[in-house]
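Structural overview for review
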Amino acid sequence: MNASSIVTIALTDPGEGLTEAEILEIKVAVGDRLEINDPVVEVETAKSAVELPSHVAGTVVEILVAVGEEVPVGAPLMRVDTTGGAVPSPAPAAPAAAAEADPSAAELSAQATEQAAEQAEGQAEQPDAPSEGEGAPAAQEPKNLVGYGERATGARRRRRRAQPAQPAAEQQVPIDRILAKPPVRKLARDLGIALHDVLATGPEGTVTRQDVLNAQQRSYGAEPAAHDGAGAYFPEESPQAPEHLGDVMKTTRDQPFSGVTSDERTTRVPIRSVRKRTAEAMVASAFTAPHVTVFNEIDMTGVTRIVSQLRASREWADVKVSPLAVIAKALLVAIRRNPEVNASWDEDAQEIVYKHYVNLGIAAATPRGLIVPNLKDAHLMTLRELAEGIGELARTARAGRTSLRDTRDGTITITNYGVFDIDSGTPILNPGESAILGVGAIKEKPWVVDGRIEPRRVATLSLSFDHRLIDGALGAELLRDVSAVLEDPSLGLVWG
């Protein structure tokens with residue numbers, strides 16, 4: 001193997017302006033043959049998980065990073081031999097192995113061992129001083145080779161005292177012999193769970209993610225509940241609902257952390273990736289744009305009726321319809337009637353930028369944190385296209401595959417905290433946007449209709465906006481128009 005044939009694959013910026021990324025999975029091993037564009041690692045960026053490809057073909061000779069490590073852009077990930085030659089064999093593990101290949105090499109090894117022992121005897125008297133490997137059984141004395149004989153001095157090396165063997169119940173399986181995928185190993189490491197303490201239920205004794213979570217719950221003194229992925233924490237129709245999380249996400253125990261403090265009263269959680277970027281964005285928004293929030297409680301019975309009719313229609317059988325699509329359409333109609341709200345504040349140029357398009361953001365809660373992908377040119381979309389687009393954004397976000405393009409250049413956002421059975425809230429603006437519409441839970445309540453009290457489907461809308469761009473009257477008009485379309489969907493035909 002020629003040194004000039006060794007090429008280093010480094011962490012590159014996949015186009016998101018990265019400065020660092022976390023290694024989620026290493027997709028190759030030493031000795032694997034690579035072709036150009038083969039994925040080598042999966043990293044977590046500020047918005048999603050991204051596979052990075054190889055730019056060379058060859059054989060992997062060294063991996064320089066580990067799963068869970070945060071690596072700066074430009075740092076080396078692995079080395080590849082582009083000649084395609086064989087991977088260098090590891091050094092012999094014992095003199096006996098070397099003797100089979102080359103007897104003279106074995107003699108030199110034994111001689112080096114003997115000289116090292118003599119040198120150790122010549123040092124100050126420290127018979128019980130710990131040395132490397134202390135606590136393991138004493139190493140076997142090298143056998144005398146022909147021509148070396150016994151040392152004339154008669155001095156004997158003092159053997160290290162071997163500690164008693166562990167009881168069978170305390171013996172640990174080497175961690176590299178435990179079957180577990182890299183993400184599972186990372187989760188166990190983050191949760192402070194030793195893999196050899198986990199009861200494996202996967203195929204052929206593989207430790208699964210749920211096995212690690214069960215072991216963590218046991219460490220808290222609770223028996224793990226059966227997990228069928230059907231928890232009601234996230235309703236199916238919500239784009240904010242990560243799939244198959246169920247009841248586990250009701251606690252913070254599923255979140256990676258550095259460890260429990262010595263008094264077991266607190267847990268320290270590293271701030272990484274999406275959570276870190278979300279925090280930075282929310283702080284920048286909260287302390288840059290003066291927020292104002294207005295509320296309105298409305299009758300959503302007409303919306304729920306339309307959704308039920310569309311779900312029963314054959315023409316919509318292949319589309320996942322939810323109230324969110326109808327709410328999005330109502331917001332777009334209201335923006336058309338109040339175009340001044342669709343703007344941004346350019347501090348550097350000291351200008352207000354009015355936009356003639358709407359890139360509609362849909363806030364999505366994912367296992368990695370909050371992200372806000374947006375539908376490009378949503379103002380040109382039909383109701384069906386909105387429903388299909390929202391569904392695609394949701395699937396992509398849940399899979400952690402949201403692209404940078406999908407998160408850029410948003411103009412206004414919808415956040416649906418009603419899926420958490422919350423009635424109202426004061427949402428924070430997505431940086432660079434003028435407004436965000438919050439949608440509360442749709443609940444059956446008594447409602448006055450033509451002087452009579454009837455049970456109706458009612459929800460609370462909340463609109464937060466940048467008071468530099470939108471005066472109180474304009475913000476109220478926007479929310480009023482959204483409410484009017486939702487209470488009487490036929491207005492959408494007239495105004496739209």
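Here is what the cut-offs are and how they apply
Residues numbered from 1 in each chain as written. Predicted model: local features only at pLDDT ≥ 70, side-chain atom pairs only at ≥ 80, totals over all residues. Heavy atoms only, no water. Helix = DSSP H or I, 4+ residues; strand = E, 2+ residues; numbered from the N terminus. Buried < 20%, exposed > 50% of the residue type's maximum accessible area, 1.4 Å probe, protein only. Contact = heavy atoms within 4.5 Å. Areas by Shrake-Rupley, 256 points an atom, 1.4 Å probe, with all protein chains shown as cover. Phe/Tyr/Trp six-rings, centres within 6.5 Å; stacked < 30°, edge-to-face > 60°. Lys NZ or Arg CZ within 6 Å of the ring centre and 35° of its normal. Salt bridge = Lys/Arg side-chain N within 4 Å of Asp/Glu carboxyl O. Pairing = 2+ DSSP bridges. Patch = residues over 30% accessible without salt bridge, like charges linked within 9 Å, V, L, I, M, F, W, Y side chains within 5 Å. pLDDT = per-residue confidence, 0-100. Axes fitted to C-alpha atoms, helices over the stretch in contact; angles between N-to-C directions. Parallel < 35°, antiparallel > 145°, perpendicular 65-115°, else oblique. Left-handed = near helix turned anticlockwise from the far one by under 90°. Nonpolar A, V, L, I, M, F, W, Y, C, P; charged D, E, K, R; others polar. Expected span 1.5 Å × (residues − 1). Core = buried A, V, L, I, M, F, W, Y, C linked by side-chain atoms within 4.5 Å.

1. Concerning the overall build of the protein
When helices and strands are tallied, the protein shows 11 helices and 21 strands. Across the 496 residues in the protein, those meeting the buried criterion constitute 38%. A separation of at least 24 residues holds for 61% of the contacts in the protein among residues at least 6 apart in sequence. Accessible area of the protein: about 28100 Å², with a carbon and sulfur share of 52%.

2. Remarks on the packing of aromatic side chains
Where two aromatic rings form a pair, the distance of their centres and the angle of their planes describe that pair. Per the stated rule, a full pass over the model turns up 0 aromatic pairs. When the ring centre of Trp 316 is taken as origin, the NZ or CZ atom of Arg 384, which lies over that ring, is 5.6 Å away.

3. A word on the pattern of salt bridges
Applying the stated rule across the entire model yields 16 salt bridges. A salt bridge links Glu 35 to Arg 33; the nearest nitrogen and oxygen atoms lie 3.9 Å apart. Since its relative accessible area comes to 42%, Glu 35 is described here as partly exposed. The partner of Asp 423 in a salt bridge is Lys 443, and the shortest N-O contact between them spans 3.0 Å. Of this pair, Asp 423 sits in the loop between strand E18 (412-415) and strand E19 (435-439) while Lys 443 sits in strand E20 (residues 443-449), and the two are 20 residues apart along the sequence. Taking relative accessible area as the criterion, Asp 423 reaches 33% and is therefore assigned partly exposed. Through salt bridges that share partners, Asp 299, Arg 452, Glu 454 and Arg 456 make up one connected network.

4. Description of the sheet that holds strand E6 (residues 58-63)
The antiparallel open sheet is built from 4 strands, whose spatial order is E1-E8-E6-E3. The open sheet has two free edges, formed respectively by strand E1 (6-10) and strand E3 (33-34), since each of these has just one partner strand. Pairing of E3 with E6 involves 2 bridges; the strand directions are antiparallel. In the sheet register, Arg 33 faces E6, and the bridge partner there is Thr 59.

5. What to know about a nonpolar patch on the surface
On the surface, a nonpolar cluster with roughly 280 Å² of combined accessible area is contributed by Trp 345, Ile 352 and Tyr 354. Topologically, Tyr 354 is positioned in strand E13 (residues 351-354). Residue classification places Tyr 354 among the partly exposed positions, given a relative accessible area of 45%.

6. A short note on the confidence of the model for the protein
Should pLDDT be low for a region, the predicted coordinates there are not to be read in detail. Mean pLDDT over the protein stands at 75; residues scoring 70 or higher make up 69%. Contacts for the low-pLDDT stretch residues 85-176, under 50 throughout, to residues beyond four places or in other chains number 50 contacts. Below a pLDDT of 50 lies the segment residues 225-258, which in the model reaches 82 contacts outside its immediate sequence neighbourhood of four places, other chains included.

7. As for the packing of helix H7 (residues 323-337) against helix H8 (residues 383-398)
For the pair H7 and H8, interaxial distance at closest approach is 9 Å and the crossing angle is 125 degrees. When the interaxial angle is binned, H7 and H8 end up oblique. For the element pair H7 and H8, the recorded crossing hand is right-handed. Taking contact as the criterion, the partners of Leu 324, Ala 325, Val 326, Ala 328, Lys 329 and Leu 332 in H7 are, on H8, Leu 383, Leu 386, Ala 387 and Ile 390. A breakdown of the residues in the contact of H7 with H8 according to their chemical character gives 9 nonpolar, no polar and 1 charged.

8. Some remarks on H7
Between the first and last C-alpha of H7 there are 21 Å, a value that for 15 residues agrees with the 21 Å anticipated at 1.5 Å per step. Most of H7 is tucked away: 12 of the 15 residues are buried. Turning to H7, its buried residues are Pro 323, Leu 324, Ala 325, Val 326, Ile 327, Ala 328, Ala 330, Leu 331, Leu 332, Val 333, Ala 334 and Ile 335.

9. Comments concerning the sheet that holds strand E2 (residues 20-26)
With antiparallel pairing, the 4 strands of this open sheet are ordered in space as E5-E4-E2-E7. With partners counted over all chains shown, the strands left at the sheet margins are strand E5 (49-53) and strand E7 (70-72), one partner each. Taking the axes of each pair of neighbouring strands and ignoring which way they run, one obtains an average angle of 45 degrees across the sheet. The pairing of strand E4 (residues 39-44) with E5 spans 5 bridges and is antiparallel. By the bridge assignment for E5, Val 41 is matched with Leu 52.

10. Here's the deal with the environment of Val 333
If you trace the backbone, Val 333 turns up in helix H7. Along the chain, Val 333 and Gly 496 lie 163 residues apart, while their C-alpha atoms are 5.6 Å from each other. Ignoring sequence-local partners within four residues, the contact set of Val 333 consists of Val 485, Trp 495 and Gly 496.

11. Details of unusual backbone geometry
Positioned with a positive phi, Asp 377 is a non-glycine residue whose angle comes to about 55 degrees. When you line up the elements, Asp 377 lands in the loop between strand E17 (374-375) and H8. The exposure class assigned to Asp 377 is partly exposed, which follows from its relative accessible area of 36%.

12. So, the nonpolar core
Leu 331, Leu 360, Ile 414, Leu 437, Leu 461, Val 482 and Leu 486 are the most contacted members of the largest nonpolar core, which has 48 residues in total. When contributions to this core are tallied by element, the ones reaching two or more residues are helix H6 (301-312), H7, strand E14 (360-362), H8, E18, E19, strand E21 (452-466) and helix H10 (472-487). Among the elements that take part in this core, H7 stands out by supplying 11 residues, more than any other. Excluding anything up to four places from it in sequence, Leu 461 contacts Val 294, Phe 295, Asn 296, Ile 298, Leu 437, Gly 438, Val 439, Leu 479, Val 482, Ser 483 and Leu 486. In terms of nonpolar packing, the next biggest core, distinct from the first, is built from 21 residues, Val 50, Leu 52, Val 56 and Val 71 among them.

13. Topic: helix H3 (residues 182-191)
Within the span of H3, buried status applies to Val 184, Lys 186, Leu 187, Ala 188, Asp 190 and Leu 191. One or two positions beyond H3, positive phi appears at Gly 192, with a value near 75 degrees.

14. Regarding the environment of Val 319
For Val 319, the position within the fold is in the loop between H6 and H7. Each residue touching Val 319, except ones within four places of it in the same chain, is listed here: Arg 384, Ala 387 and Glu 388.

15. Section: the pairing of E21
In terms of residue burial, E21 counts as a mostly covered element, since 11 of its 15 residues are buried. Across 9 bridges, the pairing between strand E11 (residues 291-299) and E21 is antiparallel. Considered in E21, the bridge of Thr 293 is made with Ser 464. One ladder, built from 5 bridges, connects E19 with E21; its direction is antiparallel. From the neighbouring strand, Ile 436 faces E21, where its bridge partner is Ser 464.

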